[in-house]
Amino acid sequence: WNNATDRYNYGEESYMIGSMDRFSITTTGDYELSEYVKAYMEGNYTHRESVTQMAPIPVGFGSNTYPDPLYVPLSNPFLPQDFYDDLAPGHKAAGGLLMYKRFRELGNRRWESVVNTFRIVSGLKGMIVNDDYTWDLYGSYGKNRSAGTMYHSVNLTRLMQSLDPDACAEYANI
């Protein structure tokens, strides 16, 4: 990281490797029905919890949803008058400011997830004509359920609305 050329040192605040706890259990079984046919089953369950930490959320650095950079109209009543008075004429003619901000005030972004996965397979398999040919008929069912929570983030839609006085007035009565 180079202080003169890089915008932000992500390494100081992001986990290189996140923490993870995992529990998994598997069971298998089979039963010989006849000399040529065997029933079998297998089941698996896994529970995983993980935590990832990233640098504070950046705003105005561009994404598919929120273009680069964030626009603040000069009609925003929270811009101090002396700030407005000091702006160069070109900025005043543009009608707004372009903003880049990293919300260090909120702290590092933190993503916590819990994932539960299970799978069951059951079937029959066997031989035809003295081991020359084999067959396998089975059914399988699995499910994966995941829940995640992001902490220290920003609702960017609401942030953009709050920077524009006209949008604030439009949404004030909702």
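As the structure is a computational prediction, the values presented were derived from the model and not from experiment.

A. Expanded view of the side chain of Arg 109. Summarising the element assignment, Arg 109 is placed in strand S7 (residues 109-128). This buried residue, Arg 109, is left without a salt bridge; Glu 13 holds the nearest opposite charge, at 8.3 Å. Those residues within four positions of Arg 109 in sequence are excluded, and the remaining contacts are Thr 52, Gln 53, Met 54, Ala 55, Pro 56, Ile 57, Pro 58, Arg 102, Met 150, Tyr 151 and His 152.

B. Representation of the sheet that holds strand S1 (residues 19-32). Pairing in this open sheet of four strands is antiparallel, and the strands run S1-S2-S7-S8 from one edge to the other. A single partner strand is all that each edge strand has here, and the edge strands are S1 and strand S8 (133-151). Averaged over all neighbouring strand pairs, the angle between strand axes comes to 5°, with direction disregarded. In the sheet, strand S2 (residues 37-54) pairs with S7 via 18 bridges, with the strands oriented antiparallel. Across the sheet, residue Val 51 finds its bridge partner in S7, namely Glu 112.

C. The arrangement of the packing of aromatic side chains in detail. Per the stated rule, a full pass over the model turns up one aromatic pair. Taken together, a centroid distance of 5.8 Å and an interplanar angle of 50° make the contact between Phe 118 and Tyr 141 tilted. Residue Phe 118 is found in strand S7, and its partner Tyr 141 is found in strand S8; the two are separated by 23 residues along the sequence. A residue is classified by how much of its surface remains accessible, and Phe 118, at 32% relative accessible area, is partly exposed. Relative accessible area serves as the criterion here: at 49%, Tyr 141 is assigned to the partly exposed category. Sitting over the ring of Phe 103, Lys 101 keeps its end group 5.1 Å from the ring centre.

D. Geometry of the pairing of S2. By the bridge criterion, 14 bridges tie S1 to S2 in an arrangement that is antiparallel. The residue bridging Asp 21 from the neighbouring strand is Glu 49, located in S2. Connecting S1 to the antiparallel partner S2 that follows it, the hairpin turn spans four residues.

E. Quick look at the nonpolar core. Core analysis: the largest hydrophobic core is formed by twelve residues, namely Ile 57, Val 59, Leu 70, Val 72, Leu 74, Leu 87, Leu 97, Phe 103, Val 154, Leu 156, Leu 159 and Leu 163. Within the residue set of this core, elements represented by two or more residues are strand S4 (70-73) and helix H3 (156-163). Per-element tally for this core: the top contributor is H3, with three residues. Excluding residues that lie within four positions of it along the chain, Leu 163 makes contacts with Leu 70, Tyr 71, Val 72, Pro 73, Asn 76 and Met 99.

F. Representation of the environment of Met 54. As for its placement among the helices and strands, Met 54 is situated in strand S2. Taking relative accessible area as the criterion, Met 54 reaches 27% and is therefore assigned partly exposed. Taking the C-alpha atoms as reference points, Met 54 and Gly 107, separated by 53 residues in sequence, lie 9.6 Å from one another. In this structure, Met 54 is in contact with Glu 13, Ser 14, Asn 108, Arg 109 and Met 150, ignoring residues within four places of it in sequence.

G. Representation of unusual backbone geometry. Not every positive phi belongs to a glycine, and His 152 is a case in point at roughly 65°. Structurally, the position occupied by His 152 is in the loop between S8 and H3.

H. Layout of the environment of Val 121. Within the secondary structure, Val 121 sits in strand S7. Taking the relative accessible area as the measure of exposure, Val 121 reaches 4% and is therefore buried. With 19 residues separating them along the chain, Val 121 and Ser 140 place their C-alpha atoms 4.4 Å apart. Once you skip the residues sitting within four places of it in the chain, Val 121 turns out to touch Tyr 40, Met 41, Glu 42, Tyr 138, Gly 139 and Ser 140.

The rules behind these values
Residues numbered from 1 in each chain as written. Predicted model: local features only at pLDDT ≥ 70, side-chain atom pairs only at ≥ 80, totals over all residues. Heavy atoms only, no water. Helix = DSSP H or I, 4+ residues; strand = E, 2+ residues; numbered from the N terminus. Buried < 20%, exposed > 50% of the residue type's maximum accessible area, 1.4 Å probe, protein only. Lys, Arg positive; Asp, Glu negative; His and termini not counted. Salt bridge = Lys/Arg side-chain N within 4 Å of Asp/Glu carboxyl O. Contact = heavy atoms within 4.5 Å. Pairing = 2+ DSSP bridges. Axes fitted to C-alpha atoms, helices over the stretch in contact; angles between N-to-C directions. Phe/Tyr/Trp six-rings, centres within 6.5 Å; stacked < 30°, edge-to-face > 60°. Lys NZ or Arg CZ within 6 Å of the ring centre and 35° of its normal. Core = buried A, V, L, I, M, F, W, Y, C linked by side-chain atoms within 4.5 Å.

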